[in-house]
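# Commentary on secondary and tertiary structure
The residues making up each chain are set out below.
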Amino acid sequence: MKRIGILTSGGDAPGMNAAIRSVVRSGLSQGIEVFGIYDGYQGLVEDKIRQLDRGDVSDIIIQGGTVLGSARLEEFKLLEIRQKAIENLKKHEIEGLVVIGGDGSYRGALALHEMGVPCIGVPATIDNDIASTEYSIGFDTALNTVIDNVDKLRDTSSSHHRCSVIEVMGNRCGDLAIYAGITTGAELIITKETGYDEMEVLERLQHIEESKKKRHAMVIISEKITDVELLAEKISRHTNFSGRSTVLGHIQRGGSPTARDRILATQFGDRAVQLLLNDVSGQCVAVNHGEIVSIDLPEALKIPRRSRKDLFELHERLV
Ligand code: F6P
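### A word on the pairing of strand β1 (residues 3-8)
Along β1, five of the six residues are buried, which leaves the element largely enclosed by surrounding structure. In this sheet, strand β2 (residues 33-37) lies alongside β1 in parallel orientation, the contact comprising four bridges. Its bridge partner being in β2, isoleucine 4 is matched across the sheet by valine 34. In this view, the connection linking β1 to its parallel neighbour β2 by way of helix α1 (residues 16-29) has right-handed handedness.

What follows is the structure, given as structure tokens:
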């Protein structure tokens, strides 16, 4: 293999740039030319492809986002669209591809692999919802952003005897909410996995206010569960707290990656290149008990998503 391509796909995640840098530098150090594919699979189909050298990835390890740009392309499911992508790879004589993204991006990589294009997936999403890996690139940075914001909200909530309802991302995966809840000592964590009962939430908050004489209550809730503004209004009406809601939104997707994300991304990127150079295809890299491993994509995509109910239960015991 003499030439490989790299793309970032799906929602961006801090640390994607560190992974791009790692792939480029690892490839170049082994005599491989590396091509950047801009705007994910869309750019592959539209031939937005350019060779990258060492200088192109200088200093990007500290930057959030992705210098390659990212996109979601539903049409990549279509055979004729993928054929167009393969034509472009052939045009540039690119023989292997590193795809950085989530499960959706992995499905695209698997489809290309099945059409004869060597592909390796690298997990990156702030949601940490890729079942095949314990951690995905971006999760740690997003978690630290959430912690930072919850700590700030606690200050003002305490001054005003308020209950802050803070909606975090996660796309149906509760990890961000659970990890943020346990690390900020939030009064309540609400996720899809651990269930939501509005009545119970209001009763628990009232109990916290009365029995624990708390000046504030912090509720961390995953997105896509309920309207947090309405919930905050109900808290004002039915408890002695005044309710306020904050949707952290895309703030969670930005920022300079943490040390942990930079290291993970660097290890993943290098392993992806080694796999391609060893003629491995149709796999994704992952971290398992702290070790960097690789797994066949069909198997990886079948693994049921684990939920951190253990951490949730620990939090419930201590709060
Ligand atoms: O997958 C990452 C994520 O940030 C999810 O947490 C969220 O539900 C979704 O992407 C938001 O997507 P968009 O940036 O397209 O609004």
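### Some details on the site of the ligand
Taken together, Arg72, Asp127, Met169, Gly170, Asn171, Glu223, Lys224, His250 and Arg253 make up all the residues around the ligand. One of the side-chain nitrogen or oxygen atoms of arginine 72 is found 2.7 Å away from an oxygen atom of the ligand. Contact distances for the ligand include 2.6 Å between an oxygen atom and a side-chain N or O atom of aspartate 127. If the ligand stood free it would expose 390 Å²; the protein chains cover 73% of that surface. Classifying every residue of the shell around the ligand gives one nonpolar, three polar and five charged.

### Section: the side chain of glutamate 187
On the secondary structure map, glutamate 187 appears in the loop between α6 (175-184) and β7 (188-190). Classification of glutamate 187 as buried rests on a relative accessible area of 3%. Polar contacts involving the side chain of glutamate 187 include one to the side chain of lysine 214, which spans 2.7 Å. Within the structure, glutamate 187 has its side chain in polar contact with the backbone nitrogen of methionine 218 (distance 2.7 Å).

### What to know about the environment of proline 298
Tracing the chain through its elements places proline 298 in helix α10 (residues 297-302). Proline 298 sits 45 residues away from arginine 253 along the chain, and the two C-alpha atoms are 28 Å apart. Aside from chain neighbours lying at most four places away, what touches proline 298 is Leu110 and Gly282.

### Description of the domain arrangement of the chain
Where the parts come together, the accessible area they lose is often given as the size of the interface. According to the domain assignment, the chain contains domain 1 (3-138 + 257-302) and domain 2 (141-253). Domain 1 and domain 2 are separated by 35 Å when their C-alpha centres are compared. On the domain 2 side, the residues contacting the 12 residues of domain 1 number 12 residues. Taking both partners together, domain 1 and domain 2 bury about 1000 Å²; carbon and sulfur atoms supply 48% of that area. The tally of links between domain 1 and domain 2 comes to one salt bridge. Across the salt bridge formed by arginine 253 and aspartate 12, the nearest N and O atoms sit 2.7 Å from each other. Our enumeration of links across domain 1 and domain 2 arrives at eight residue pairs in polar contact (both at pLDDT 80 or more).

### Regarding the sheet that holds strand β6 (residues 162-168)
Across the sheet, four strands lie side by side as β7-β8-β6-β9; this open sheet has parallel pairing. Pairing within the sheet leaves two strands with one partner each, and these edge strands are β7 and β9 (242-247). Recorded for the sheet is a direction-independent mean angle of 15° between the axes of neighbouring strands. Alignment of β6 against strand β8 (residues 217-222), held across six bridges, turns out to be parallel.

### Points about the pattern of salt bridges
Taken as a whole and judged by the stated rule, the model has 16 salt bridges. A salt bridge links lysine 152 to aspartate 148, with the shortest nitrogen-to-oxygen separation between them at 3.5 Å. Residue lysine 152 and its partner aspartate 148 are both found in helix α5 (residues 139-159); the two are separated by four residues, about one turn of the helix. Between lysine 214 and glutamate 187 there is a salt bridge, with its nearest N and O atoms 2.7 Å apart. Here lysine 214, found in the loop between α7 (198-211) and β8, pairs with glutamate 187, found in the loop between α6 and β7; they are 27 residues apart in sequence, far enough to count as distant. Via salt bridges that share partners, Asp39, Glu46 and Lys48 belong to a single interconnected network.

### A few points about helix α4 (residues 103-114)
The terminal C-alpha atoms of α4 lie 16 Å apart, and with 12 residues this matches the ideal 16 Å at 1.5 Å per residue to within 8%. When α4 is considered as a whole, its buried residues turn out to be Ser105, Tyr106, Gly108, Ala109, Leu110, Ala111 and Leu112. Next to the buried residues of α4 lie α2 (40-45), α3 (79-91), β4 (96-101), β5 (119-123), β10 (283-288) and α10. Looking one or two residues past α4, glycine 116 carries a phi angle of roughly 100°, positive in sign.

### Some details on the sheet that holds strand β3 (residues 49-52)
Pairing is mixed across the open sheet formed by seven strands, whose spatial order is β3-β2-β1-β4-β5-β10-β11. With one partner strand each, in any of the chains shown, β3 and β11 (291-296) form the two edges of the open sheet. Put simply, the sheet's adjacent strands are angled 30° from each other on average, direction ignored. Alignment of β5 against β10, held across two bridges, turns out to be parallel. Residue pairing in the sheet places isoleucine 120 in a bridge with glutamine 283 of β10.

The rules behind the values
- Residues numbered from 1 in each chain as written.
- Predicted model: local features only at pLDDT ≥ 70, side-chain atom pairs only at ≥ 80, totals over all residues.
- Heavy atoms only, no water.
- Buried < 20%, exposed > 50% of the residue type's maximum accessible area, 1.4 Å probe, protein only.
- Helix = DSSP H or I, 4+ residues; strand = E, 2+ residues; numbered from the N terminus.
- Pairing = 2+ DSSP bridges.
- Right-handed = clockwise from strand over helix to strand, strands pointing away.
- Near = heavy atom within 4 Å.
- Polar contact = N/O pair within 3.5 Å; in protein donor to acceptor, adjacent residues only side chain to side chain.
- Areas by Shrake-Rupley, 256 points an atom, 1.4 Å probe, with all protein chains shown as cover.
- Nonpolar A, V, L, I, M, F, W, Y, C, P; charged D, E, K, R; others polar.
- Contact = heavy atoms within 4.5 Å.
- Domains from an automatic or database assignment.
- Buried area = accessible area lost by both parts, 1.4 Å probe.
- Salt bridge = Lys/Arg side-chain N within 4 Å of Asp/Glu carboxyl O.
- Axes fitted to C-alpha atoms, helices over the stretch in contact; angles between N-to-C directions.
- Expected span 1.5 Å × (residues − 1).

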